[in-house]
Structures are given as structure tokens and as C-alpha cells.
Amino acid sequence: MTVEHIATPHPDTESFSRRIRSFIRREGRLTVAQTRALNELMPRFGLAAQGPGLDPAEIFGRMAPLTLEIGFGNGESLLDMAQAAPEQDFIGIEVHRPGVGHLLLGIEQRGLTNIRVLNDDAVPFIQQRIGSGQLDRLLLYFPDPWHKARHHKRRIVQPEFATLIAERLKPEGMWHLATDWANYAEHMRAVLDAHPDFTAEHQGTGEAGRPAWRPETKFERRGIRLGHQVFDLIYQRTLDQPQSPS
Ligand SMILES: C[S@@+](CC[C@H](N)C(=O)[O-])C[C@H]1O[C@@H](n2cnc3c(N)ncnc32)[C@H](O)[C@@H]1O
């Protein structure tokens, strides 16, 4: 297994940094335990933002179905999913350091070996380090909704992003999205229903619409307390079209 938590500069960084970001970096307060976890556990479980294409067999010491979660927040739901599926591997990405510290503490406390973590922007990482057809599942649970119309361009779900995800998913790979913001659910559907590489598999609302493998998340509980309805959307990457005989 490799150690690769130290980011190194990369020539492409400048072009990535001009992209509109889906987040605002907030430093937030780290607890003593989170600081210790970041210092001591990132060398074991951390991934570097930049570098060559990832080799999951090297990183996890085996080949297993691979799930990537973008924006895991405090990581509790990622920990539950990884604990419930020890035969699968998970990469979690989150820009918020206290959340990464919280996840690392959970990995240690639960003795999990099937999670690796990136503390950085998911988009350039996926562009640079995830290979074509490498992912079985992409999870995007309660992404920042960017309520105001003038901020909608910051929403991570956009046609170009969908094209990137389609390329990194295996044929028939799954993209599972959830949101408690009806207008964002509409936007997600508009983008993915129009995209040639995705087919809608499941659309559900509320407790009954949530697939069994998705634990309730922290933001979801907050949304429910505020009276929001929760939407689960699952899309499958469309199979490649067979080549017509020449
Ligand atoms: C509204 S929170 C939801 C957190 C968690 N999924 C939950 O449901 O509790 C969205 C999270 O996505 C993270 N995020 C947004 N854009 C990101 C990106 N491009 N790369 C990594 N994390 C991102 C934010 O830092 C934030 O913690």
C-alpha cells in the first residue's frame, strides 16, 4: 500500500484554479483529536491531489468495486457505508478539514481498511488521477445547493461535469445523487436526463425513496428539520454503443 498524502505542484494547477468552484474554503475549528488524526493518519489514508493516475490495486492492496464520494461532510455516512461493505473500496473527497479529521478518527476507531481520503477539490483530482472507466459508483449527497440564481453556475452538477463523470464510470456504473433542495433536484434531472451518457434508474422522495445502502447524512437531517423534502436520483452510465460493422 502506498503513502501519498503530500501534494506536489503540477503544471495544470493554474488552469484548474481558473474554474468556478463549487465550494468556498472555510477553515473551521479543528478539535485536538482531529488535528492529531490529520497529522498521524493522513500519511496512512490520504491521497495526493496531483500525481499520476491512481492504481487502486496498489492503494488498497487488492482490486475491488470502487466507489467515490464527493463532499462527504463529517464522513459519518461514508464510514457507515464502508463498514457495511468490507468487500468494496471507497475514496472520499472533502475540502473541509474538520470533516476530514472527523472521518480519519472514524476510520481509526472502526478499524476500517477500505477508505482513502483526499482533502482537496474533487474536480481536478478526478480529471487528473481517476482513469477512464475506473469507478463503479459516484456518490454526491447533498451538494451545496447555491440557492440564488446568480450562484447557480457554482453548482457542481453541470453538463461538462456529467461528461467527466460518465467517462470515469464503468459502463453501467452508477451515479447516485441526493438533495433536499427541490430546485437543485430539478436542475440535476434537467442536466442528466438530457445527457446522452446517462439513463435514469430511480427517482424517489422521502424515506421510502432512499435506497437501503444510503445512510441518512448530517445535512439531510438538517434539511428534514427545516421541513424540506429529500430527493434521491440514480442514473446509470449508458452502455457504449456497439460499433456498426464497416
Ligand atoms: C452541503 S455539504 C453536505 C455534506 C454531506 N454530504 C452531508 O450530506 O452531510 C456539501 C459538502 O461538499 C463539499 N464540497 C463542495 N464542493 C466540493 C468539491 N469540489 N470537492 C470536495 N468537496 C466539495 C463542501 O465542503 C461541503 O462539506
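Conventions used here
- Residues numbered from 1 in each chain as written.
- Predicted model: local features only at pLDDT ≥ 70, side-chain atom pairs only at ≥ 80, totals over all residues.
- Heavy atoms only, no water.
- Helix = DSSP H or I, 4+ residues; strand = E, 2+ residues; numbered from the N terminus.
- Buried < 20%, exposed > 50% of the residue type's maximum accessible area, 1.4 Å probe, protein only.
- Polar contact = N/O pair within 3.5 Å; in protein donor to acceptor, adjacent residues only side chain to side chain.
- Contact = heavy atoms within 4.5 Å.
- pLDDT = per-residue confidence, 0-100.
- Phe/Tyr/Trp six-rings, centres within 6.5 Å; stacked < 30°, edge-to-face > 60°.

**A closer look at the side chain of Glu220**
Tracing the sequence through the fold places Glu220 in helix H10 (residues 218-225). On the accessibility criterion, Glu220 (2% relative accessible area) is buried. Among the polar contacts listed, one links the side chain of Glu220 to the backbone nitrogen of Thr217, at a separation of 3.0 Å. When neighbours within four sequence positions are excluded, Glu220 is seen to be in contact with Phe142, Arg210, Arg214, Pro215 and Val230.

**Some points on unusual backbone geometry**
Backbone geometry at Phe142 places phi at a positive 55°, although glycine is not the residue there. Tracing the backbone shows Phe142 in the loop between strand S4 (135-141) and helix H7 (159-168).

**Here we look at the confidence of the model for the protein**
Looking at the protein as a whole, the pLDDT averages 92, with 90% of positions reaching at least 70. The low-confidence segment residues 5-17 (pLDDT under 50) makes 15 contacts with residues lying over four places distant or belonging to another chain.

**What about the packing of aromatic side chains?**
Summed over the entire model, instances satisfying the criterion amount to two aromatic pairs. Centre to centre, the rings of Phe161 and Trp175 are 5.8 Å apart; their planes meet at 75°, and the pair counts as edge-to-face. With Phe161 in helix H7 and Trp175 in strand S5 (residues 169-179), the pair connects residues that are 14 residues apart, well separated along the chain. The pair formed by Phe161 and Trp175 is uniform in burial state, with each residue classed as buried. Among the aromatic residues, those joined into a ring-pair cluster are Phe161, Trp175 and Phe198.

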